[in-house]
Amino acid sequence: MRIVILKDYETVSNWVANYLHPKISLSMQDEKHPFVLGLPTGSTPIGTYKNLVRYYSTGELSFRNIVTFNMDEYVGIPENHPESYHYFMHHHLFDHIDIPKENINILNGNAGNLEKECQDYEDKISINGGIDLFLGGIGPDGHIAFNEPGSSLTSKTRIKTLSYDTILANSRFFDNDLSKVPKMALTVGVGTVMDAREVVIIATGYNKARAIRQIVEGGVSHMWTASMLQLNRRMILVCDDAATMELQVETVKYFKDIEKVAGEILPG
């Protein structure tokens, strides 16, 4: 696991966008083999998406040869609902770049057969050669996508009943009315994310510090589902100083030292 510790949210967002930049750029050199990118929603990636949009608007990047698969979607709300993840992705990214519509994949929470929708999603990932890089965030309880504590660490895309804590936390987006919050979602599994050739996780803010401690210094546990990413062959955790506040001092020093040495060997 590589851990990049930076000053604040803005710096983290810039770093992640800069890391994605050459990968997206290289995709245009081989149009027969698109770059397959897994994407999250939520407040965490918004800064990264803003930077990617800026790269497109200045002509630095094209997304014509990118195929995306989003992590999750609520069950039972319209795609044009302000809190649907379809709406979120188009509002923050897709409507502002040149990605072809047919290259965008988001789970359909209104499908007639939700189990088939999940299996078809996994099949389409396979048909596209698998995920090259899965970008993600984590919750304060260490969950990734809607894989809440207790989820199987080998799970694939499936229907997930949401916990009361998740419903309560999400009620702030639904006029603080619990009755309006979806009770189920479709989500990629921990195993789906683990199958990616590379995973980049963003974590910022002190409210993520306990999860970061468990994921970095603790063992692999289904109660902290993102901890499974310790075993990914190529995983990068990008966090700000606040998110490391519960790590041991020596842990923080170790990973900061590694990045400093790497920067001296490979400047820029």
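Structure first, text after, so check above.
Model, not experiment: these values are computed from the prediction.

*Asks:* Explanation requested: the pattern of salt bridges in the structure shown.
*Replies:* Between side chains of opposite charge, a pair can form as their charged atoms come close. Scanning the model with the defined rule gives twelve salt bridges in all. In this structure, the salt-bridge partner of D98 is R64, at a minimum N-O distance of 3.6 Å. With a gap of 34 residues between them, D98 in the loop between α3 (85–92) and β5 (104–105) and R64 in the loop between α2 (46–57) and β3 (66–70) connect regions that are remote in the sequence. Of the residues examined, R64 reaches a relative accessible area of 47% and is grouped as partly exposed.

*Asks:* Could you clarify how one ought to interpret the sheet that holds strand β4 (residues 72–74) in this entry?
*Replies:* Through backbone hydrogen bonds, the strands of a sheet pair up, either in parallel or in antiparallel fashion. In spatial order, the strands read β4-β8-β7; together these three strands make up an open sheet with antiparallel pairing. One side of each edge strand has no neighbouring strand; the edge strands of this open sheet are β4 and β7 (158–161). Taking each pair of neighbouring strands and ignoring which way they run, the sheet shows an average axis angle of 25 degrees. Here helix α4 (residues 114–127) sits on the sheet and contacts β7 and β8 (184–187); the angle it forms with β7, its principal contact strand, is near 125 degrees.

Reading the values: rules and limits
Residues numbered from 1 in each chain as written. Predicted model: local features only at pLDDT ≥ 70, side-chain atom pairs only at ≥ 80, totals over all residues. Heavy atoms only, no water. Salt bridge = Lys/Arg side-chain N within 4 Å of Asp/Glu carboxyl O. Helix = DSSP H or I, 4+ residues; strand = E, 2+ residues; numbered from the N terminus. Buried < 20%, exposed > 50% of the residue type's maximum accessible area, 1.4 Å probe, protein only. Pairing = 2+ DSSP bridges. Axes fitted to C-alpha atoms, helices over the stretch in contact; angles between N-to-C directions. Contact = heavy atoms within 4.5 Å.

Honestly, that's just the spatial picture; any functional story needs more than this.
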